[in-house]
Amino acid sequence: MIKVSPSILAGDLLNFRSEVERCKKGGADFIHLDVMDGHFVPNLTFGLPFVKSLARDRILPLDLHLMVANTDYVYEQYLAYLGKDDRMAVHYESTVHLDRVINNIRLKGVQAGVAINPASSIALLYPIVEIVDFVLVMSVNPGFSHQSFIDYTFTKIAELKSNFPVEVEVDGGVNVGNVKRLASLGVEVIVAGGAVFTGGCVEENIRKLKVAACG
Ligand code: DX5
Ligand code: ZN
């Protein structure tokens, strides 16, 4: 069954603990944390203190998506709070020494992912894909929740899946209308912000995504 990683950015940040607990009740597999710095992406979200609080209570495994301009300089501070059930994705576009960063994440026993923007070619990942635990394919331009899925990213996911046996996580604009197609392409994990936290009940929205993926 497809794994669901709700993006807390789309939830009620004043009640983030109860939002995460509801995600757990609904059968979520991770909680997706969008760390944004206002430089690599236009939005500024949360940083180390927030991640530290969530890591302390371990309600769900953490799925950290680092969207910062200076990945090489800051990733180790986040890594310090993560453990063996957690995962962390750094962007191809903002990580200078990508091989070193991926290896250091894996050395800590944390699953290491490389995230790639919609307009970046999958071919850029060919050297690194053999040593990552997963690829985070962005299906929107990173920065905000509630954007529409960019259709040409289906082709990128298919290209990746047909060439490498790597786990793929898809992030941005995923909903009950497109999750089945993603599952058919072999996508293992979906991130969902708006589809989980907007309208209806969080627990039920997660279940609906899982059911829709099975078709
Ligand atoms: C966008 C973030 C996403 C976003 C997902 O930059 O990386 O994780 O919060 O939200 P939806 O599912 O609403 O596109
Ligand atoms: Zn994300």
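Structural data are supplied above this passage.
Residues numbered from 1 in each chain as written. Chains lettered and ligands numbered in written order. Predicted model: local features only at pLDDT ≥ 70, side-chain atom pairs only at ≥ 80, totals over all residues. Heavy atoms only, no water.

### What to know about the state of the cysteines
Heads up, the condition is: In this description, the term disulfide denotes a pair of cysteine sulfurs within 2.5 Å. Only protein chains enter the calculation, and the probe is 1.4 Å; a residue is then buried if its accessible area is under 20% of its type maximum, exposed if over 50%, and partly exposed in between.
The final tally for this structure, using the stated rule, is 0 disulfides. The thiol sulfur of Cys201 is not disulfide-bonded, and the nearest other cysteine sulfur, from Cys23, lies at 10 Å. Owing to a relative accessible area of 33%, Cys201 belongs among the partly exposed residues under this scheme. This cysteine, Cys214, is not joined by any disulfide, and Cys23 carries the nearest cysteine sulfur, 19 Å off.

### Structural notes on the sheet that holds strand β2 (residues 31-36)
Rules: Here, a strand pair is defined by DSSP locating no fewer than two bridges between the strands. Under the scheme used here, helices are H or I runs from DSSP no shorter than 4 residues and strands are E runs no shorter than 2 residues, and both carry numbers assigned from the N terminus. Helix axes are fitted only over the stretch in contact, all axes being lines through C-alpha atoms; the angle between N-to-C directions runs from 0 to 180 degrees. Contact definition: two residues touch when any of their heavy atoms are within 4.5 Å.
A sheet is described by the order of its strands in space; here 8 strands give the open sequence β1-β8-β7-β6-β5-β4-β3-β2, paired in parallel fashion. Of all strands in the sheet, those bounded by a partner on one side alone are β1 (3-6) and β2. Averaged over all adjacent pairs, the angle separating strand axes in this sheet is 25 degrees, with direction ignored. For strand β3 (residues 62-67) and strand β4 (residues 87-91), the ladder comprises 4 bridges, and the chain directions are parallel. Residue pairing across strands places Leu66 opposite Val90, the latter belonging to β4. Contacting β5 (111-116), β6 (134-138) and β7 (167-171), helix α5 (residues 153-163) runs over the sheet at an angle of about 170 degrees to β7.

### Details of the coordination of the zinc ion (ligand 2)
What counts here: Shown as donors are all N, O and S atoms within 2.8 Å of a metal ion, widened to 3.2 Å for Na, K and Ca; because water is not in the atom set, sites may appear incomplete. Here a site with four donors is tetrahedral if all angles are between 85 and 135 degrees, and a site with four or six donors is square planar or octahedral if opposite donors are over 155 degrees apart and the other angles are between 65 and 115; anything else gets the irregular label.
Here the zinc ion (ligand 2) is held by the protein donor atoms His32 (NE2), Asp34 (OD), His65 (ND1) and Asp171 (OD), which lie 2.0 to 2.3 Å from it. For the zinc ion (ligand 2), the 6 donor atoms are set out with angles of 71 to 171 degrees between them, so the coordination reads as octahedral. Summarised as a motif, the one-chain spacing of the donors to the zinc ion (ligand 2) is H-x1-D-x30-H-x105-D. On the criterion of sequence distance, the pair formed by Asp34 in strand β2 and His65 in strand β3 is long-range, its members being 31 residues apart. Looking at His65, the relative accessible area reads 0%, which means it is buried.

### Some words on the pattern of salt bridges
Rule in force here: Every case where a carboxyl oxygen of Asp or Glu lies within 4 Å of a side-chain nitrogen of Lys or Arg is listed as a salt bridge.
Under the definition given, this model contains 12 salt bridges. Residues Arg17 and Glu21 are paired through a salt bridge, measuring 3.1 Å at the closest nitrogen-oxygen approach. Taken together, the residues Arg17 and Glu21, both in helix α1 (residues 16-25) and 4 residues apart, mark about one turn of the helix. Residues joined by salt bridges that share partners form a network here, namely Arg17, Glu21, Arg56 and Asp57.

### Observations concerning the pairing of strand β8 (residues 189-192)
What counts is decided by this rule: A clockwise course of the path from the first strand over the helix to the second, judged with the strands pointing away from the viewer, identifies a crossover as right-handed.
Residues Val189 and Val191 of β8 are buried on one face, and the alternating residues Ile190 and Ala192, pointing to the opposite face, are buried as well. Where β1 lies against β8, 4 bridges are found, and the strand directions are parallel. Bridged to Ser5 within β8 is Val191. Sheet analysis places β7 next to β8, joined by 3 bridges and oriented parallel. Looking at the pairing, Asp171 lines up with Val191 of β8. The parallel pair β7 and β8, bridged by helix α6 (residues 179-184), forms a crossover whose chirality is right-handed.

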